[in-house]
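# Summary of structural features
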Amino acid sequence: MRLLNILVLTLLFSSCGQQKPPESTSQDSKQSAIDTVLSSATNELLNIHDGDFQEIGETGVVMFPLSMPFPERKDGKLSYYKTSDYTHGYWNVLFHNTHTGETWLLSDLRMLISTVTPEVVAVKADIPDTARRHIFYEVKTDDLDKDGELADTDPEYLYMSDMDGSNFRQVSPPGFNLRSWKRFKSSHTLIMLVAKDSNKDGVYDLNDEELIFTVDISQGGPPSEILSGDLKLKIRRLFERDWKK
């Protein structure tokens, strides 16, 4: 009897050892794929310029400019990141609302931002400049020479958004390189000095014509030149008459 019991137990253990392992389910495969992706992405670090984050006025909204990480130069260009000479620029801006916990990006555009200028929020009710609720950005978005990179030869534009990064839009005229700009709070207008590639050499330099544009940011219309054709002609003639040899 004891011999029979030993034989039965031996056969039972042998049968258990020969069972195939359970097949992986689709959920297991999905988790394995996720683990693989996360493992392969460990070297792709988020580069947030943590020294530059700030609250926008007293809104409770915090702005994090996202910098260009670890530039790789080749022939004067940052070829790996499809840009050049913007090692201190930003490729996007992250916003976070500390009241609601919401977080969002400025835009899905491919862009290089050289400067971000938030306006000071008017806190007191008796301050007349109630429209002072904007952030201004100097941005490159157009790859005019179609070389796949945003470089110094591509024009820089003035963009603006609301204080929370919403309503992001271009303010300066397309195809013209922004030289300088100022905001005049009493009239809610912007004055922009821009350059036109008038000699078509693909470079914006001192040999190109400069134009003055204005825009009313309270109305949201397109920019317009402040000089008429007749006034431009008069200015040229006076300069040639009095100063040009």
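First, a word on scope: everything that follows refers to the structure included in this document. (Residues numbered from 1 in each chain as written. Predicted model: local features only at pLDDT ≥ 70, side-chain atom pairs only at ≥ 80, totals over all residues. Heavy atoms only, no water.)

### Examining the packing of aromatic side chains
Convention followed: The criterion for an aromatic pair is that two Phe, Tyr or Trp rings (for Trp, the six-membered ring) have centres within 6.5 Å, with stacked assigned to planes under 30 degrees apart, edge-to-face to planes over 60 apart and tilted to the rest. Here a helix means four or more residues in a row that DSSP labels H or I, a strand means two or more in a row labelled E, and each is numbered from the N terminus. Think of it in three bands: with a 1.4 Å probe and only protein chains considered, a residue is buried below 20% of the maximum accessible area for its type, exposed above 50%, and partly exposed in between.
Per the counting criterion, the structure on display carries 6 aromatic pairs. Between Phe-136 and Trp-181, the aromatic rings sit 4.8 Å apart at their centres with planes inclined by 40 degrees, giving tilted as the arrangement. Placement of the pair is Phe-136 in strand β6 (residues 134-140) and Trp-181 in strand β9 (residues 177-184), with a sequence separation of 45 residues. For Phe-136, a relative accessible area of 2% puts it in the buried group. Through a chain of ring-to-ring contacts, three or more aromatic side chains come together here, namely Tyr-137, Tyr-159 and Phe-168.

### Remarks on the side chain of Thr-214
We apply this condition: Here a polar contact is recorded for every N or O atom pair within 3.5 Å, except that within protein the pair must consist of a potential hydrogen donor and a potential acceptor, and residues adjacent in sequence are included only if both atoms are side-chain atoms. The contact criterion used is simple: two residues touch if any of their non-hydrogen atoms lie within 4.5 Å.
Its place among the elements puts Thr-214 in strand β11 (residues 209-216). Of the residues examined, Thr-214 reaches a relative accessible area of 18% and is grouped as buried. Among the polar contacts made by the side chain of Thr-214, one reaches the main-chain carbonyl oxygen of Leu-190 at a distance of 3.1 Å. Those residues in contact with Thr-214 that lie beyond four places of it in its chain are Thr-189, Leu-190, Ile-191, Pro-223, Ser-224 and Ile-226.

### Details of unusual backbone geometry
With the exception of glycine, most residues fall at negative phi, and the peptide bonds are largely trans. One non-glycine residue, Asn-167, adopts positive backbone phi at about 60 degrees. Inspection of the secondary structure assignment puts Asn-167 in the loop between β7 (157-162) and β8 (169-170).

### Comments concerning the pairing of β9
Rules: Pairing between strands is defined by DSSP: at least two bridges between them are needed.
Of the pairings in the sheet, the one linking β9 to strand β10 (residues 189-196) comprises 7 bridges and is antiparallel in character. Its bridge partner lying in β10, Lys-182 is registered against Ile-191.

### Topic: the side chain of Thr-189
Relative to the elements of secondary structure, Thr-189 occurs in strand β10. Classification of Thr-189 by relative accessible area gives buried; the value is 17%. Here Ser-187 takes part through its side chain, which lies 2.8 Å from a polar atom of the side chain of Thr-189.

### Overview of the environment of Ser-218
Following the sequence through the fold, Ser-218 ends up in the loop between β11 and β12 (224-225). Residue class for Ser-218 comes out partly exposed when judged on its relative accessible area of 42%. Separated by 31 residues in the primary sequence, Ser-218 and Ser-187 place their C-alpha atoms 8.9 Å from one another. In terms of polar contacts, Ser-218 uses its side chain to reach the side chain of Asp-216, at 2.5 Å.

Without other data, these values stay purely geometric and don't point to any function.
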